[in-house]
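# Notes for the structure review
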Amino acid sequence: MELLRNLFEGYPNLWGGGVAHSVLILSLVITFGIMLGKLKVAGISLGVTWILFVGIVFGHFDMNLDEHLLHFLKEFGLILFVYSIGLQVGPGFFSAFKKGGLTLNMVAMLSVFLSVLITIVLHFATGIPITTMVGILSGAVTNTPGLGAAQQANSDLNGVDAPEIALGYAVAYPLGVVGCILALLALKIFMRINTQKEEEDAEHGLGHLQELTVRPISVEIRNEAIDGKRIRDVKPLLNRAFVISRIRHTGSQETELANADTVLHMQDEILFIANPKDVEAIVAFFGRKISVEWEREDKNLISRRILITKPELNGKSLSQLKIRNNFGACITRINRSGVDLVATPHLQLQMGDRVTIVGSELAVSHAEKVLGNSLKRLNHPNLIPIFLGIALGCILGSLPFMFPGIPQPVKLGLAGGPLVVSILISRFGPQYKLITYTTMSANLMIREIGIALFLACVGLGAGKGFIDTIIYEGGYVWIGYGAIITVVPLLVTGFMGRYFWKLNYYTLIGVLSGANTNPPALAYSSDLTSCDAPAVGYATVYPLAMFLRVLTAQLLILALA
């Protein structure tokens, strides 16, 4: 019995209660939390956030860790979590600000700033400390890195942790998940959405996703002005990004692979790939749209998706590979982080890109050897960019920045610093031959370990005063404040996004889910439709929303604490 008591309560003569005690408590908190996270009520689950609540229970019954060890593990877990997020979203972060992506990010920014504004108003109207309100804000928008950033900012400012930040987060989080989903449902009812029409529009790339997807289109040439011209001479006339991959000449039954020197003739049939926003103009220029099943009608040319797995290709442009000249095959599109890109000559490749290549069986096989397509090679971990990036992130996060009106210098901290560095490394690293690719499974493993450690430590640290705060100090009122912060910005932004920016409904709910960095809301949105508009909208705004949530949480603490 003495052994069990020491294992759970700690050995009094050992720092931190002993290694076995610390590992046991953390492991049990995380295990029980993940098990409870699998439970669903009305199809909704709180997921890994259950780890936080289990940690609170353990902390309430004094099964805890040494406060210094708890602080280290919490910060280390947060670093792993935000850094893995940055590695995933980095490649598409800057391209998300182009045209259609810029509109979606403006909608997300509006939602973020409205929630911050409501938090400030509630702070002054109710007298609740800003530390508690920032915790409620982070829980209401289900943003865990924001919670970590706020805790660290307060620690830098006052030299001590503020458990009320975690308490506010824990109280507001459940309704933050449910309230977001209810707000999306309310928007559907209030705006009288015709789901069938919205889905058809989304399938055709409408609703500001034109820059973020590509479409294959078949066309019959009817424009006499391009009769007898080469493709390389025609492209400057259009000034649009597109790739012609296949052509069937008039009177011929055989399909040929198109290249820059292919000559176009009247009534030739071609297959081109372009962004949906450019399709109408390209079709009007060439002639008329037709329906052709290229794969079924011609067996000589095949289409295959190949992974870029050779390190020496990292950062090289498509024109440098000379796939068409050397092998007679054509790369038509590139899938990167779930987004399809038009294969323009200047586009730089990255490890893990999945390219669609068209050509004969032999040509595609030769190209495959050059590109790699070896899953085994991708599975090998690249640890240098991870630990080098974390080191640089810690340095950047510790640098002070002065802002007018804020007495204390602002730091990106251990949440913002690694996040910014990971985004920059994953985006620009390939240009300097730095391989930043990690498989999705490896990325998820790092992320889940990080968030599990962070939430377990936050819960253990907040457990002692949780019950007293809820029952005796009016903590139950925080639930209402959290609901206001969750629902009001979503409804206001939703109506503005629909009627001012003319967003497709399925794109809009993906954007709103991303603005709240809310995976359960994304899952709900994706279940409403068979198209990928919610997922693309979510992925487009998620990086900027995450960055703003982390930054604003710190600014609120530093400006008003």
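Quick note: structure is the one above.
Here we summarise the structure given alongside this text. The model shown is predicted, which means the values in this text are computed figures rather than measured ones. (Residues numbered from 1 in each chain as written. Predicted model: local features only at pLDDT ≥ 70, side-chain atom pairs only at ≥ 80, totals over all residues. Heavy atoms only, no water.)

## Regarding helix H15 (residues 361-371)
Because an α-helix packs 3.6 residues into every turn, residues spaced three or four apart end up facing the same way. Spelled out, the test is: A 1.4 Å probe rolled over the protein chains alone gives each residue an accessible area, and that area as a share of the maximum for its type sets the label: buried under 20%, exposed over 50%, partly exposed in between. Elements are defined by DSSP. Helices are runs of H or I of four residues or more, strands are runs of E of two residues or more, and each kind is numbered from the N terminus. The directions from the helix axis to the C-beta atoms are what the arc is built from. Note on definitions: a residue-residue contact is assigned when non-hydrogen atoms from the two residues lie within 4.5 Å.
Within H15, the full set of buried residues consists of Ala363, Val364, Ala367 and Leu371. One face of H15 carries all of its buried residues, which in axial projection span an arc of 95 degrees. Seen from the buried face of H15, the exposed residues on the opposite side, beyond 90 degrees, are Leu362 and Lys369. At its buried positions, H15 is contacted by strand E6 (302-307), helix H13 (318-321), helix H14 (323-327) and strand E9 (354-359). Trailing H15 by a residue or two, Gly372 shows a phi angle of about 115 degrees, which is positive.

## Focus: the environment of Met266
Tracing the sequence through the fold places Met266 in the loop between strand E3 (256-257) and strand E4 (269-274). With 39 residues separating them along the chain, Met266 and Asp227 place their C-alpha atoms 5.7 Å apart. Among all residues touching Met266, those that are not within four sequence positions of it are Ile221, Arg222, Asn223, Glu224, Asp227 and Thr250.

## A few points about the sheet that holds strand E2 (residues 242-248)
Heads up, the condition is: Two strands are said to pair when DSSP picks up at least two bridges between them.
Reading across the sheet, the five strands line up as E3-E2-E4-E1-E5 and stay open at both edges, with antiparallel pairing between neighbours. Each edge of the open sheet carries a strand with a single partner, namely E3 and strand E5 (287-290). Both E2 and E4 contribute to a ladder of six bridges, which runs antiparallel. Pairing of Ile247 across the sheet is with Ile270, part of E4.

## So, empty space enclosed by the protein
In this approach a probe as big as a water molecule rolls over the atoms, and the regions it shows empty are the leftover space. Filter applied, for reference: Grid spacing is 1 Å over the protein atoms alone, the probe is 1.4 Å, and a cavity is where that probe fits but cannot get out, while a pocket is an open set with protein on both sides within 12 Å along at least five of seven lines and lining residues have an atom within 4 Å of a point. Grid points are joined across faces, edges and corners, and a volume is the space filled by probe spheres set on the points. Amino acids outside the nonpolar list (Ala, Val, Leu, Ile, Met, Phe, Trp, Tyr, Cys, Pro) and the charged list (Asp, Glu, Lys, Arg) are all regarded as polar, and Gly is one of them.
Under the defined criterion, the tally for this structure stands at one cavity of 30 Å³ or more. Considering only enclosed or pocket space, the largest cavity measures out at about 50 Å³ in volume. Every residue along the wall of the largest cavity is listed here: Val134, Leu137, Ser138, Val141, Asn143, Gly146, Arg549, Thr552 and Ala553. Within the residue set of the lining of the largest cavity, elements represented by two or more residues are helix H6 (130-140) and helix H24 (533-560). Of the residues in the lining of the largest cavity, the class split is four nonpolar, four polar and one charged.

## So, unusual backbone geometry
Even without glycine at this site, Thr142 takes up a positive phi of about 50 degrees. By the element assignment, Thr142 lies in the loop between H6 and helix H7 (144-158). A positive phi angle, close to 60 degrees, is found at Lys502, a residue other than glycine. Position of Lys502 relative to the elements: it lies in the loop between helix H21 (477-499) and helix H22 (505-515). With relative accessibility at 60%, the residue Lys502 sits in the exposed group.

## Some points on the layout of surface pockets
Quantified by volume, the second largest pocket comes out at close to 560 Å³. Lining the second largest pocket are 21 residues, with Ala260, Leu318, Ser319, Arg324 and Pro345 positioned closest to its centre. Sorting the residues of the lining of the second largest pocket by element identifies helix H10 (231-238), E2, H13, H14 and strand E7 (330-336) as the ones contributing at least two each. The element best represented in the lining of the second largest pocket is H10, accounting for four residues. Among the residues making up the lining of the second largest pocket, the classes are represented as 12 nonpolar, four polar and five charged.

## Details of the pattern of salt bridges
As a reminder, the rule being used: Any carboxyl oxygen of Asp or Glu within 4 Å of a side-chain nitrogen of Lys or Arg constitutes a salt bridge here.
Enumeration according to the criterion identifies eight salt bridges in this entry. Between Glu220 and Arg222 there is a salt bridge, with its nearest N and O atoms 3.0 Å apart. In this structure Arg222 comes out as partly exposed when scored by relative accessible area, which is 42%. We note a salt bridge from Asp233 to Arg230, for which the minimum N-O separation is 3.1 Å. Classification of Asp233 by relative accessible area gives partly exposed; the value is 34%. On the basis of relative accessibility, which here comes to 33%, the residue Arg230 falls in the partly exposed class. The structure contains a network of salt bridges with shared partners spanning Arg230, Arg232, Asp233 and Asp261.

## Concerning the packing of helix H2 (residues 19-37) against helix H3 (residues 50-60)
Convention followed: Axis definition: a line fitted to C-alpha atoms, limited for helices to the stretch in contact. Angles are taken between N-to-C directions and run from 0 to 180 degrees. Angles are sorted into four bins: roughly parallel if under 35 degrees, roughly antiparallel if over 145, roughly perpendicular if 65 to 115, and oblique for all others. Handedness of a crossing is defined here by the sense of rotation of the near helix relative to the far one, left-handed for an anticlockwise turn of less than a right angle and right-handed for a clockwise turn.
Taken N-terminus to C-terminus, the directions of H2 and H3 make an angle of 135 degrees; their axes are 7 Å apart at the nearest point. As judged from the angle between their axes, H2 and H3 are oblique. By crossing handedness, the relation of H2 to H3 is classed as right-handed. Residues Ile25, Leu28, Val29, Ile30, Phe32, Gly33, Ile34, Leu36 and Gly37 of H2 touch H3, and the partners they reach there are Trp50, Ile51, Val54, Gly55 and Phe58. Broken down by class, the residue content of the contact of H2 with H3 amounts to 11 nonpolar, three polar and no charged.

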